[in-house]
There are 2 protein chains.
Amino acid sequence: MASEQIENYLKQIYNLQSDEGRVSTSSLSKTLDVTPASVSEMVKKLADEGSLTHTPYKGVALTGEGELLALRIIRKHRLWEMFLFNVLHFKLEEIHREAERFEHIMSDTMEEKIDEVLGRPTIDPHGHPIPTRDGVMRHVAGLRLTDAAEGATMRVLRVNDADAELLQYMTSIGIALHMTIVVKQKMNFDNSMRVAIDGRDVNISSTIAASVIVEHA
Amino acid sequence: MASEQIENYLKQIYNLQSDEGRVSTSSLSKTLDVTPASVSEMVKKLADEGSLTHTPYKGVALTGEGELLALRIIRKHRLWEMFLFNVLHFKLEEIHREAERFEHIMSDTMEEKIDEVLGRPTIDPHGHPIPTRDGVMRHVAGLRLTDAAEGATMRVLRVNDADAELLQYMTSIGIALHMTIVVKQKMNFDNSMRVAIDGRDVNISSTIAASVIVEHA
DNA sequence: TCTTATTATTAGGTATGCCTAAAATGGGAG
DNA sequence: CTCCCATTTTAGGCATACCTAATAATAAGA
Ligand SMILES: [Mn+2]
Ligand SMILES: [Mn+2]
Ligand SMILES: [Mn+2]
Ligand SMILES: [Mn+2]
């Protein structure tokens, strides 16, 4: 069985792979908060075990097997977030942190029970797709609110779940899943924008706008 | 913070303490499934940390601090069992095993949310008392069904949760919490007995009878 | 192309918690 | 009151996953 930390490596590699293609030692070092030396060692072990391929000095890529393991963890993480939000009424900004620990100890039985209780959801409370049990994840394309045109009416597809404070603030100004946002004005000097959410006008910084993924309404 | 294994030591010492008074290295070795040598080492560390007192060659006893830690784990274990049984509809014989892992990673926030959702229960699905958050556990006295007199009418107070197969069998013959059992006949040759559960007569072995704790109805 | 800065790997070492084997202790049998 | 032996502790090691410091490889600039 994969240790908790090995599961974190695999999950992190999966996430970085979507953005970067080949995943570097340094990016893993940063996101997992361990030294590059430790990453090198662990990567060697995971390559021996067949979860990933490693080209020294070039980076790593998950094998089919490794990707499947990663998707299982991601599934458990997102199902658990859904459960915390819908059944235990945790706040949206709290669920990611809790799920980071539970994803590793959730048995397959538990996974199934929760999936059933929740009615087999396909997205989590942040809008992230939940992979199926055999590792299929449908990713819905979208754009960052930063990139929406002035005057456009957009719908919130998903939000960044990692920064709790940011998420809490977004909730407080009314940004939530499936909500409609009208881009009123874009400021070129700092990329902030004025938008209408639910009829009310608010100004949002580029940091916020960049962590909201939207589609045309 | 106490490691997962340290929490298991403390919990196990608490449980054995009720039966044995001073807890021996060998009984911990058996119940935790590690060698006596390992227990000796760990015990030394826990004594240094102030969770227990150790008299070499004589045994250990929890300090107030250690007992409080143990009771926190037990509270989390039993609240979680309750949750698995009532909300996720796990079978009675499955919940103990699952709770063994969750008890260690359940945050205080989670503990509180679950306590609330469940309506602040005082006993778990096996009839074990759930300690309060500040470490008070009310233990209800009872006797083993083995020791009930012939002809007596008893009520099930609690059942042994450790052996899943035994528990599954007990459930299948109708033994459940708060159920009434009439002792029809006691066999002296093997301590088995014939009882009436819910009107139906069944024969139960001494092993089963010993793991059912009852009170006079 | 050569040098330098960045990135990655290897070497050597630590902490935790486990093990086996050897030594110490102390309670009961004689 | 001894001696024996089961129980307990100590000694010496192993695995995992981390670290710092030293070395190696690559990429980038002159
Ligand atoms: Mn998350
Ligand atoms: Mn999420
Ligand atoms: Mn239990
Ligand atoms: Mn229980």
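Quick caveat: nothing in here was measured; it's all calculated off a predicted structure.

To continue, consider the packing of aromatic side chains. Per the stated rule, a full pass over the model turns up nine aromatic pairs over all chains. Taking 6.2 Å as the distance between ring centres and 55° as the angle between the ring planes, the aromatic pair formed by A:Trp80 and B:Trp80 counts as tilted. Separated into two different chains, A:Trp80 in helix α4 (residues 64–86) and B:Trp80 in helix α4 (residues 64–86) make up a pair that spans both. Taken individually, A:Trp80 and B:Trp80 each receive the classification buried, so the pair is uniform in this respect. A cation over a ring is seen here: A:Lys113 above B:Phe90, with NZ or CZ 5.0 Å from the ring centre.

Residues and elements named next belong to chain B. The protein atoms that coordinate the manganese ion (ligand 4) are Glu81 (OE), Asp124 (OD), His126 (ND1) and His128 (ND1), at distances of 2.2 to 2.8 Å. Of note, the donors binding the manganese ion (ligand 4) are all from one chain and are spaced E-x42-D-x1-H-x1-H. In this structure, the manganese ion (ligand 4) lies 3.4 Å away from the manganese ion (ligand 3), the two metals sharing glutamate 81 as a donor. Here glutamate 81 is found in helix α4, whereas its partner histidine 126 is found in the loop between α6 (108–117) and β3 (143–144), with 45 residues between them in sequence. Using a relative accessible area of 0% as the deciding quantity, one classes glutamate 81 as buried. Look at histidine 126 and you get buried, because its relative accessible area is 0%.

With that out of the way, let us pick up the coordination of the manganese ion (ligand 2). Around the manganese ion (ligand 2), the protein contributes the donor atoms A:Glu81 (OE), A:Asp124 (OD), A:His126 (ND1) and A:His128 (ND1), at 2.2 to 2.7 Å from the metal centre. Between consecutive donors of the manganese ion (ligand 2), the numbers of intervening residues give the motif E-x42-D-x1-H-x1-H.

A separate point is the protein's contact with DNA strand D. What surrounds DNA strand D is a group of 21 residues, the closest being A:Ser38, A:Glu41, A:Lys45, B:Ser40 and B:His54. One of the side-chain nitrogen or oxygen atoms of A:Ser3 is found 2.8 Å away from a phosphate oxygen of DNA strand D. B:Ser40 places a side-chain nitrogen or oxygen 2.6 Å from a phosphate oxygen of DNA strand D. Going through the elements one at a time, α1 (4–20) and α3 (36–49) of chain A together with α2 (25–32) and α3 (36–49) of chain B are the ones with two or more residues in the surface near DNA strand D. Residues of the surface near DNA strand D, tallied by class, amount to eight nonpolar, nine polar and four charged.

Reading the values: rules and limits
Residues numbered from 1 in each chain as written. Chains lettered and ligands numbered in written order. Predicted model: local features only at pLDDT ≥ 70, side-chain atom pairs only at ≥ 80, totals over all residues. Heavy atoms only, no water. Phe/Tyr/Trp six-rings, centres within 6.5 Å; stacked < 30°, edge-to-face > 60°. Helix = DSSP H or I, 4+ residues; strand = E, 2+ residues; numbered from the N terminus. Buried < 20%, exposed > 50% of the residue type's maximum accessible area, 1.4 Å probe, protein only. Lys NZ or Arg CZ within 6 Å of the ring centre and 35° of its normal. Donors = N, O, S within 2.8 Å, 3.2 Å for Na, K, Ca; no water. Near = heavy atom within 4 Å. Polar contact = N/O pair within 3.5 Å; in protein donor to acceptor, adjacent residues only side chain to side chain. Nonpolar A, V, L, I, M, F, W, Y, C, P; charged D, E, K, R; others polar.

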